[in-house]
Structures are given as structure tokens and as C-alpha cells.
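Secondary and tertiary structure notes
Chain by chain, the residues run as shown.
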Amino acid sequence: GAGVSQTPSNKVTEKGKYVELRCDPISGHTALYWYRQSLGQGPEFLIYFQGTGAADDSGLPNDRFFAVRPEGSVSTLKIQRTERGDSAMYLCASSLQGKASTEAFFGQGTRLTVV
Amino acid sequence: AQKVTQAQTEISVVEKEDVTLDCVYETRDTTYYLFWYKQPPSGELVFLIRRNSFDEQNEISGRYSWNFQKSTSSFNFTITASQVVDSAVYFCAPDYGQNFVFGPGTRLSVLP
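Note on numbering: residues in each chain are counted from 1, in written sequence order. The naming scheme follows written order: chains are lettered A onward, ligands numbered 1 onward. Totals for whole chains, interfaces and linings use every residue, but because this is a predicted model, local features are given only for residues with pLDDT of at least 70 and side-chain atom pairs only at 80 or more, for both listing and counting. Side-chain metrics in this entry use all non-hydrogen atoms of the structure; hydrogen atoms and water are not considered.

1. Some points on the sheet that holds strand β1 (residues 5-7) of chain A
Residues and elements named next belong to chain A. Formally: The pairing criterion for strands is at least two bridges between them, as found by DSSP. We count a stretch as a helix when DSSP gives it H or I for four or more residues in a row; a strand needs E for two or more, and each element gets its number in order from the N terminus. Axes here refer to lines fitted to C-alpha atoms; in helices the fit is confined to the stretch in contact. Angles between the N-to-C directions go from 0 to 180 degrees.
Strands sit in the order β1-β3-β8-β7 across an open sheet of four strands; the sheet is antiparallel. The open sheet has two edge strands with one neighbour each: β1 and β7 (65-68). Adjacent strand axes in the sheet meet at a mean angle of 15 degrees when their direction is disregarded. Bridge count between β1 and strand β3 (residues 19-24): three bridges; the pairing is antiparallel. Following the sheet pairing, Thr7 is matched in β3 by Arg22.

Now the structure itself:
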């Protein structure tokens, strides 16, 4: 497809389990972002990739959260030992160059529910 | 962290009315870009407009216009002749070079 694709669209997991969320950016976009959005709030920055490397991971809340982008395209956000407070919509976005002048295109998100 | 304030939590207007959404941001940077995004009930964030900090000229794009004032760090967004399909949450999002910092959003309801 032409847009940013995120899978799964919904994920329900038990507290303590490990989850992986996948993002397929727009082809050719070198910059990729992960955001987390809780109900009624704005998206909160988690991590930014430029190519294969994490250019800024200052938004990751703790060491249970990790993200990779091994070939500079698809990215996976990994959450270990999930907690109920991790429940949120996880949004992925990509942009052509990652410079501040270019808009980012967002996927429809993965809604994570930890029970 | 650099903060973004959208003081209006919710706004309701009747179709065809004009509506302005307010945004005030904090920044220590001299160079930055400002964005507005829309999040309809489907959930996907949609890019609307972009403005750089060098240019304070206000512009109009179709039914959208914006008023950027660097001296007061405000970047207000106006929809002219609102339509029911404009109902969504609107986010102001400065980009300071590495990532977007989203405001809390304003929920706009346009009633028929």
C-alpha cells in the first residue's frame, strides 16, 4: 500500500507478557517515528530512527521498551514484561528525510491492551 | 521539555460557522517548524498545514488559514465555513528538529 502500515491493529495481552508491534513505513522514507497515545491525550514521542539507527530514543519510558529497524525500512517496537499502564495506542510515522521541514505520515496505530 | 498548550479542550460549532483553534508553544530554539494535524474518529493522524519560524506571513489554503506570531509563540488555525466532516481532534505540533511535540488536542464538533 501507499501509506504507513501497522500490525496488528489490536493486541490484547496479559500482564507480564512480551509483545511486538510492527510498522511498515512509506517506501523510500528514511525517517521513522514511534509515538504512544493514551486516551484523551496527544501523542507522546518514544523514538526516532534515521535509517537503521536510533537518532533519538529519549522518549522510551524505561528499559522494558526497545525498538529496532535493522534494514532501514520495517521497524518493530518491543515491550517486555508488559504492565497495565502500557495500554495505549501506539502510532508509527515516517517522513522522507526526517528534517523538521517535512511532514510525517502516520499509520492507523496498534491499540495495545494489557489485562 | 518544550511544552505545547491548546487551551480549548472542546469546541462545538454549527455547520458553516468559522472556527479558530488556539496554540501556544514554548521554545528555546530560533529555528523550528510548526504543524497542525487532524485526528478523525478513524484514529489516523492527518497532516494539515506547516509553517516555518522564519516566515510570519499568514496564509490561506482552501478553507484553512493560520495566524503565526513568533513574538507571542502562538500558531492559531482557522477553518472557514466548517463542515460536519471537519469534526475531529486537532493537534498543534511544533518540530524542533528531531521529533514532533504534540499538544493535548482540541476536539472540534461541527453540528449539522
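2. Points about the interface of chain A and chain B
Using the following cut-off: Two residues qualify as a contact provided that any one of their heavy atoms is within 4.5 Å of a heavy atom in the partner residue. Buried area, as used here, totals the accessible surface that two parts lose on assembly, with accessibility defined by a 1.4 Å probe and the loss added over both. Here, a salt bridge means any side-chain nitrogen of Lys or Arg that lies within 4 Å of a carboxyl oxygen of Asp or Glu. Counted as a polar contact is a pair of N or O atoms within 3.5 Å, where, for protein atoms, one must be capable of donating a hydrogen and the other of accepting one, and residues adjacent in sequence contribute only when both atoms are in side chains. Amino acids are sorted into nonpolar (Ala, Val, Leu, Ile, Met, Phe, Trp, Tyr, Cys and Pro), charged (Asp, Glu, Lys and Arg) and polar (every other residue, Gly among them).
Opposite the 22 residues of chain A that make contact, chain B presents 17 residues. Summed over both sides, the interface of chain A with chain B buries roughly 1,700 Å², with 53% coming from carbon and sulfur. Along the contact surface separating chain A from chain B lie one salt bridge. Taken together, chain A and chain B are joined by five residue pairs in polar contact (both at pLDDT 80 or more). Of all the elements in the fold, those that place two or more residues in the side of chain A that touches chain B are β4 (31-37), β5 (44-50) and β6 (53-56) of chain A. Take the side of chain A that touches chain B: its biggest share by element is three residues, from β4(A). Grouping the amino acids of the side of chain A that touches chain B by side-chain chemistry returns 10 nonpolar, nine polar and three charged.

3. A closer look at the pattern of salt bridges
So the rule is basically this: Relative accessibility decides the category of a residue: with a 1.4 Å probe and only protein chains considered, values under 20% of the type maximum give buried, values over 50% give exposed, and everything between is partly exposed.
Per the stated rule, a full pass over the model turns up six salt bridges over all chains. Residue Arg64(A) pairs with Asp86(A) through a salt bridge whose shortest N-O separation is 2.8 Å. Here the residue Arg64(A) occupies a position in the loop between β6 and β7, and Asp86(A) occupies one in the loop between β8 (75-79) and β9 (88-95), the gap between them amounting to 22 residues. Across this residue pair, the class does not change: Arg64(A) and Asp86(A) are buried. As a salt-bridge pair, Arg63(B) and Asp86(B) come within 2.9 Å of each other at their nearest N and O atoms. With Arg63(B) in the loop between β7 (59-61) and β8 (64-69) and Asp86(B) in the loop between β9 (74-79) and β10 (88-95), the pair connects residues that are 23 residues apart, well separated along the chain. Arg63(B) gets classed as partly exposed once you look at its relative accessible area, which sits at 24%. According to the relative accessible area criterion, Asp86(B) is buried, its value standing at 1%. Shared partners join several salt bridges into a network, and the residues in it are Arg64(A), Glu83(A) and Asp86(A).

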